[in-house]
Amino acid sequence: MRKQFIFYWLMLTGGGLLAQPPAGNYHANDRFEQLGATLPTPNTTRTASGAPGKDFWQQRADYDIKAELDDEQRKITGSETITYHNYSPDELKYVWLQLDQNLFAKGSINALSQHNSIQPQMSSNAVRGLNAPSSVRSSITGDKDYDFKITSVKDAKTGKPLPYTINNTMMRVELPVGIKTGQSYAFSVDWNYFINEYYGRAGYEFFPKDGNTNYFIAHWFPRMCVYDDVNGWQHKQFLGQGEFTLTFGNYKVAITVPNDHIVGATGEIQNMAQVLTPEQQKRMEKAKTATRPVLIVSQEEAEKAEKGKPTGKKTWIFKADNVRDFAFASSRKFIWDAMQVEQAGKKVMCMSLYSKEGNPLWGQYSTMVIAHTIKTYSKFSIDYPYPVCYSCHVNGGMEYPMISFNGGRPDPDGTYSEGTKFGMIGVIIHEVGHNFFPMIVNSDERQWGWMDEGLNTFVQYLTEKEWDRDFPARRGEPQDIVEYMKQDTKNLVPIMTSSDNIMMYGPNAYAKPATALNILRETVMGRELFDYAFKEYSRRWAFKNPTPADFFRTMEDASGVDLDWFWKGWFYGVEPVDQDLVEVEWFAVDTQNPDLNKAEAKKQADEKRNTVARQRDKDYIKESVVEKNPDMKDFYNTYDPYKVTDTDKKKYEAYLASLSPDERKLVESGLNFYTLKVKNKGGLPMPVIVKMQFEDGTDSVARFPAEIWRLNDQQVSKVVTTKKKVVQWTLDPYREIADIDEESNHFPRQPAQPTRFQLFKGGGFQRGGGSNPMREAQQNQQTRPAQQGGANKN
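What counts, and where the lines are drawn
- Residues numbered from 1 in each chain as written.
- Predicted model: local features only at pLDDT ≥ 70, side-chain atom pairs only at ≥ 80, totals over all residues.
- Heavy atoms only, no water.
- Helix = DSSP H or I, 4+ residues; strand = E, 2+ residues; numbered from the N terminus.
- Buried < 20%, exposed > 50% of the residue type's maximum accessible area, 1.4 Å probe, protein only.
- Contact = heavy atoms within 4.5 Å.
- Areas by Shrake-Rupley, 256 points an atom, 1.4 Å probe, with all protein chains shown as cover.
- Pairing = 2+ DSSP bridges.
- Salt bridge = Lys/Arg side-chain N within 4 Å of Asp/Glu carboxyl O.
- Core = buried A, V, L, I, M, F, W, Y, C linked by side-chain atoms within 4.5 Å.
- Bend = angle between axes of the 7 residues up to and from the residue.
- Axes fitted to C-alpha atoms, helices over the stretch in contact; angles between N-to-C directions.
- Parallel < 35°, antiparallel > 145°, perpendicular 65-115°, else oblique.
- Left-handed = near helix turned anticlockwise from the far one by under 90°.
- Nonpolar A, V, L, I, M, F, W, Y, C, P; charged D, E, K, R; others polar.
- Phe/Tyr/Trp six-rings, centres within 6.5 Å; stacked < 30°, edge-to-face > 60°.
- Lys NZ or Arg CZ within 6 Å of the ring centre and 35° of its normal.

Let's shift gears to the overall build of the protein. Each helix and strand in the protein was counted, giving 22 helices and 31 strands. Taken across its 794 residues, the protein has 50% of its residues classed as buried. Taking all contacts inside the protein whose residues are at least 6 apart in sequence as the whole, residues at least 24 apart take part in 75%. Accessible surface, the protein as shown: approximately 39200 Å² in total, 50% of it carbon and sulfur.

Once that is clear, we can look at the sheet that holds strand β6 (residues 164-167). The four strands lie next to each other as β6-β7-β4-β11, forming an open sheet whose pairing is antiparallel. If you trace the sheet from one side to the other, it starts and ends with β6 and β11 (223-224), each paired once. Of the strand pairs in this sheet, strand β4 (residues 92-98) and strand β7 (residues 170-179) are connected by six bridges, and their pairing is antiparallel. Bridge pairing in β7 links Q98 to M170.

What follows is about the pattern of salt bridges. Tallying each qualifying case throughout the model produces 48 salt bridges. A salt bridge links R527 to E522; the shortest N-O distance between them is 3.0 Å. On the accessibility criterion, R527 (49% relative accessible area) is partly exposed. The network of salt bridges with shared partners includes D210, E306, K333, K356 and E357.

Structurally, V561 is set in the loop between α14 (548-559) and α15 (564-571). Along the sequence, V561 and V524 sit 37 residues apart, while their C-alpha atoms lie 9.2 Å from each other. Not counting chain neighbours up to four residues away, the residues in contact with V561 comprise L529 and E556.

Turning our attention to the nonpolar core. W220, W336, F405, F551, F566 and W570 are the most contacted members of the largest nonpolar core, which totals 192 residues. The biggest single contributor to this core is helix α8 (residues 361-380), with nine residues. Excluding residues that lie within four positions of it along the chain, F566 makes contacts with A516, I519, L520, V524, F571 and M686.

Attention now moves to helix α12 (residues 505-524). Remark: the principal bend of α12, roughly 30°, maps to A511, with a proline, P513, within the next four residues. Among the 20 residues of α12, 17 are classified as buried, and the element is accordingly described as predominantly covered. After α12 finishes, the residue G526 shows a positive phi value of roughly 95°.

Attention shifts here to unusual backbone geometry. Omega for the bond connecting N359 with P360 falls within 30 degrees of zero, at 10°, which places this linkage in the cis form. For P360, the position within the fold is in the loop between β21 (346-354) and α8. Omega for the peptide link from F747 to P748 comes to -5°, which places this bond in the cis form. By secondary structure assignment, the location of P748 is in the loop between β31 (746-747) and α22 (773-783). Phi is positive for F543, which is not a glycine, with a value near 60°. Here R735, not a glycine, exhibits a phi torsion of approximately 55°, which is positive. Taking the relative accessible area as the measure of exposure, R735 reaches 39% and is therefore partly exposed.

A few words now on the packing of helix α9 (residues 418-433) against helix α10 (residues 450-467). Look at α9 against α10: their axes get within 9 Å of each other, and the N-to-C directions meet at 130°. Considered as vectors, α9 and α10 are oriented oblique to each other. Between α9 and α10 lies a crossing whose hand is right-handed. Touching I425, G426, I429, H430 and G433 of α9 are E453, N456, T457, Q460, T463, E464 and W467, all from α10. Residue classes in the contact of α9 with α10 are distributed as three nonpolar, seven polar and two charged.

For the rest of this paragraph, the subject is the packing of aromatic side chains. A complete count under the given rule lists 54 aromatic pairs for this structure. Seen in terms of ring centroids, Y674 and W729 are 5.0 Å apart; in terms of plane orientation they differ by 65°. Their pairing is edge-to-face. With a gap of 55 residues between them, Y674 in strand β26 (residues 672-680) and W729 in strand β30 (residues 726-731) connect regions that are remote in the sequence. In this pair, the class of Y674 matches that of W729, namely buried. One aromatic cluster is present, formed by F32, W450, Y537, F551, F552, W565, F566, W567, W570, F571 and Y572 through successive ring pairs. The ring of Y204 carries R74 above its face, with NZ or CZ at 4.2 Å from the centroid. Seen from the ring of F244, R223 lies directly overhead, with NZ or CZ sitting 4.7 Å from the centre.

A few words now on the sheet that holds strand β15 (residues 262-265). Strand pairing in a sheet is mediated by backbone hydrogen bonds. Such pairs are either parallel or antiparallel. Taken together, four strands build an open sheet; the order of strands is β9-β10-β19-β15 and the sheet is antiparallel. Sheet topology places β9 (203-207) and β15 at the edges, where each strand pairs with a single neighbour. Sheet twist, expressed as the average angle between the axes of neighbouring strands with direction ignored, equals 10°. Note that β15 and strand β19 (residues 328-331) share four bridges and pair antiparallel. Directly across from I262, in β19, lies its bridge partner S331.

The values reported here are purely geometric and, on their own, carry no functional implication.
Now the structure itself:
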């Protein structure tokens, strides 16, 4: 019901609302105060603006590696010379290397810290894997040891052995003399290990039908730990979840494989004439000007190689500059296609390696998706700086500089579901996108998983939408994070949690930060401010090692938007968004026009008298006392309180005369004033977005910034003024803020909707439509009767 209020001009000249003083135990000031001491103190290495300071430094490690892949034993044997450059202000008396392959060692920290139990029924593999790392149990059952075997650590110049100590996945090498600032030191390491079955990051995949093996080789050599201004030596053990923290350098890598293998790797091939046939070289030249991928090795040629045997060995030499890691893939089964694109004047050869099991999907999509990803990520961050980019087919998804290992495999008959198709495109975008985060913007994955996975998943979302407007993105839309955020907060940890300690890694490190950034871009900051700031962060920290504080500060510095409340809520907290539109009160200015006021009062009185009981009384009460006895009537039985009198008219005219033209215009405007009362039930403050549905069928949206909660974070009231009458109010109408309870977003409340269930006869139930419409269409085509009406040969 509309309420009228007497208009006082002086009360509204200040803007209409008086601030509500906090009452009770509110946390608004805490939520909107600056992060302050939560962030590290700025200095000349990392500034308060979020940019690298004038004294910023970082180390460098160059590698010269020679390695051989033994296909029979599935074994890597290697020798490397590392030249370590010390640009820190400190003298280093020892260095630390990462031995990531020791994750697979029996009795590793990862294995011993896993939770497990004995079940009533268990397979022999499950029993053998009880003390194995959870992610690789199927890979390390049996008698083999899959950890690194270090056979030599020597001074590169003198050849003298260097003392070293292995501590699980880390190795300390003691130096004969300290490396002073500005100096370099070279040493060599020899090692070998047996390759584990592919477990999600690296390994081999065996194909029983043809007896061949595809190799996807990563974290396969002892790598330098990072020494920086944040941690000193970052030698946090590799437990399998927190990924890698690495130093940039230049790589020269010679990989010896069976001579019928095709190899793709980080960097450019240096000896193409020695490893490719003349025809393959000619096809590579053609790929430089093609607008669609060119087959360097066709499926027919790959299938022929599958049936053959190697006649010797071949060494592929690769060179990669300014990269933080090196990985490669090798197999005789590989189909190879390539297409060169240009990005900001730089030529990039996009290439895919896949066995026949990946077709037809891989031949149609993989390299085209690489090219699209490079173009789109370059638009939102920095231009892709490297000369090549590979996508390699395996059941998984993992990223390395210039090369990634990606899933998405059709069914054996060549058909595939829509989910398989979009899953493959999505994982290629994601893993190729990791070239930007963290391969170029080199964050510490071991400590902060979200800084690469979250940022990358966000740009993946943007890239997927530019590939196909209707792309079924898994992560990025606010409504898709609701199920995670509505869980009991006791079971959640903040995004700002060390990688190895995160529960529900996918939602926490990938989906929630990606969603938060999407909300920042679309709802809090706007695209123009966000895109500029995000690109500036990428530019500032390309080929450097940023921290969360550098990201937070840069986003604010480059946009001019105070976002500390947002970082607190989304990144440091676990509270959800849950706004409740508790009440809407409707007001109108009392015009004091007696014709209008008394007519409205009569209408309300008639409505009050027109009750069900009063209707029943007409039949029940035959004659009232007053009706039977006229002498019981007095003045009030004939008086009409709703009749406008001369006194009423004169009073109204005097009121109008007292108003200025502006005041009279407002009184006669017919405006509706609605007071909205909104509760913050979830705790996480967010903008208040409300849609008004008017009685004429049109609508409008009002937006109020998150700062509306800064003085009272539990409940706010806000007056909205409209010319039209509102019949329905809806909070967060476009699902922009990840509100976990939409039922409380309507006023008046919407009727509850049923949860539907499917009824089926006994004996089981199968959903209609099947899981592979492509196969069904082909089957229908094969069984369809021949069309009538053709020529009669008889």
